Amino acid sequence: MSLQRQIGFWLISLAVFVLCLVLLRDVLLPFIAALALAYLLDPLADRLERLGMSRLAATIVILIVFLLIFVLSLVLLMPLLGQQLAGFVARMPEVAAKLQTLILERGAPLLEKLGGGKLAQDAQNSLGNLVGEATKWVGSVLQSLWSGGTAIIGVFSLLVLTPVIAFYLLVDWDRMCATVDSWLPLDHRDTIRGLLSEMDKAIAGFLRGQALLCILLGTFYAVGLSIVGVNFGALIGIISGFLSFIPYVGSLTGLVLSVGVAIVQFWPEWTWPLVTLGVFAAGQFIEGNILQPKLVGDSIGVHPVWLMFALLAFGSLFGFVGLLLAVPLAAVIGVLSRFALRQYLASNIYHGGDVSKSAEARKRLGADV
């Protein structure tokens, strides 16, 4: 098959894949969630198999334990988080108004010195509009996450459909992988296997490491803010941990929310807002120097800016399904981009038609790979 026909085949395949995502995105969530669950739990099933258990028995044990932990977490956390979320949404306008008043009281004298009363009045109006719009937006987002999120996921698909699909996928995982491997083009099988292995290493390392990182950070922030006594501390900590899946977004969101709430709650005392700031400073130190290098490292090989763009882009295009697919697709695109760059640097196009240099570069790149 010529190069043009190969490129055309893969472009058509990509277009069909994207079209299926667009058309079926409303029903794909339990299947994507089940696929992700089976992918994450497959190494554990392989380990239990090596210990002498059958694949079926290992799958049953793993899913039962996972469901017990998941249901227990829901039973223990949902009442607390639901109560705090309702209170947080109800009191957000009051908190925002008090915070606005404090900022204006402390900043108005400085603004009057710099630009007179008009500058202070303009700043007050702008800040009032900004706080009002931000409060409405955050409130609507939180309410949609609470009501719409449960509507999208659904109790049925979360507790029944997803585990059932994950069970069948996990039982047949090795057989499915072997079947897909048998479909690879014979002339390019070794190259594709190498790329797939690189993709698997990137995706698995990031997903498993980042998931554990989010759980540990969420627990640390929730416990730390609750000990300090910040209102809605458990909710803010869990939100920060969950959003830590997006680099820098979780910590920044939690910092702004918790410090703002602490200032309003403890004013004019500055000790506890500073302690709240210290909780996030400690969390950032632990994440950057201990958890991130140990759990994630550079496994995905994707710049944080590209990762944030992928999450926003795929989330905007495909909704919650897009968020689930964003990291794997970002890793896949990263692997393919690096492969394409290696091929380009070893080609006659880069070396200006110097065949000897191209052959030498191909040999060197092949040794590196």
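No experiment lies behind these values; they were computed from the predicted model shown.

Trainee: Just to check I follow, could you spell out the packing of helix α6 (residues 189-228) against helix α7 (residues 233-243) for this structure?
Mentor: A packed helix pair is summarised by two numbers, namely the angle formed by the two axes and the spacing between the axes. Between α6 and α7, the shortest axis-to-axis distance is 7 Å and the interhelical angle comes to 160°. Classified by the angle their axes make, α6 and α7 are roughly antiparallel. Considering the relative orientation of α6 and α7, their crossing is right-handed. Residues C214, L217, G218, Y221, A222, L225 and S226 of α6 touch α7, and the partners they reach there are G233, A234, I236, G237, I238, S240, G241 and F242.

Trainee: So what exactly am I meant to see when it comes to the pattern of salt bridges here?
Mentor: Side chains that carry opposite charge are capable of pairing whenever their charged atoms lie near each other. Within this structure, the stated rule accounts for seven salt bridges. We note a salt bridge from R55 to D174, for which the minimum N-O separation is 3.5 Å. Of this pair, R55 sits in helix α3 (residues 55-153) while D174 sits in helix α5 (residues 173-182), and the two are 119 residues apart along the sequence. Each of D42, D46, E49, R55 and D174 takes part in salt bridges that share partners, so that together they form one network.

Trainee: What is the right way to look at the confidence of the model for the chain in this model?
Mentor: Detailed reading of the predicted coordinates is not advisable wherever pLDDT falls low. In the predicted model, the chain carries a mean pLDDT of 77, and 76% of its residues have values of at least 70. Helix α13 (residues 355-368) is the least confidently modelled element of the chain, averaging 53 in pLDDT, while α5 averages 90, the highest of any element. In the predicted structure, residues 145-153 sits below a pLDDT of 50 and forms 10 contacts with residues beyond four places in sequence or in another chain.

Trainee: Explanation requested: the packing of aromatic side chains in the structure shown.
Mentor: Geometrically, a pair of aromatic rings is defined through the distance of the ring centres and the angle of the planes. The final tally for this structure, using the stated rule, is seven aromatic pairs. Ring geometry for W267 against W270: centres 5.3 Å apart, planes inclined by 80°, an arrangement best described as edge-to-face. Take W267: its relative accessible area is 26%, and that puts it in the partly exposed class. By way of ring pairs, the aromatic residues F220, Y221 and F280 are connected into one cluster.

Trainee: How should I be thinking about the nonpolar core in this particular structure?
Mentor: Note on soluble globular proteins: their nonpolar side chains tend to be buried together. Counting 35 residues, the largest nonpolar core has Y39, L41, L207, L307, V321 and V327 as its most contacted members. Counting residues per element, the ones that place at least two in this core are α2 (29-50), α3, α4 (155-171), α6, α10 (304-318) and α11 (320-345). With nine residues, α2 is the largest single contributor of residues to this core. Sequence-distant contacts of Y39, defined by excluding residues within four places in its chain, comprise W173, D200, I203, A204, L207 and R208. In this structure, F88, V89, Y221 and V228 belong to the second largest nonpolar core, which totals 22 residues.

Trainee: Would you mind showing me how to read the environment of I239 here?
Mentor: Along the polypeptide, I239 turns up in helix α7. For I239, a relative accessible area of 22% gives the class partly exposed. It is 9.4 Å that separates the C-alpha atoms of I239 and S251, two residues lying 12 residues apart in sequence.

Analysis parameters
Residues numbered from 1 in each chain as written. Predicted model: local features only at pLDDT ≥ 70, side-chain atom pairs only at ≥ 80, totals over all residues. Heavy atoms only, no water. Axes fitted to C-alpha atoms, helices over the stretch in contact; angles between N-to-C directions. Helix = DSSP H or I, 4+ residues; strand = E, 2+ residues; numbered from the N terminus. Parallel < 35°, antiparallel > 145°, perpendicular 65-115°, else oblique. Left-handed = near helix turned anticlockwise from the far one by under 90°. Contact = heavy atoms within 4.5 Å. Salt bridge = Lys/Arg side-chain N within 4 Å of Asp/Glu carboxyl O. pLDDT = per-residue confidence, 0-100. Phe/Tyr/Trp six-rings, centres within 6.5 Å; stacked < 30°, edge-to-face > 60°. Buried < 20%, exposed > 50% of the residue type's maximum accessible area, 1.4 Å probe, protein only. Core = buried A, V, L, I, M, F, W, Y, C linked by side-chain atoms within 4.5 Å.

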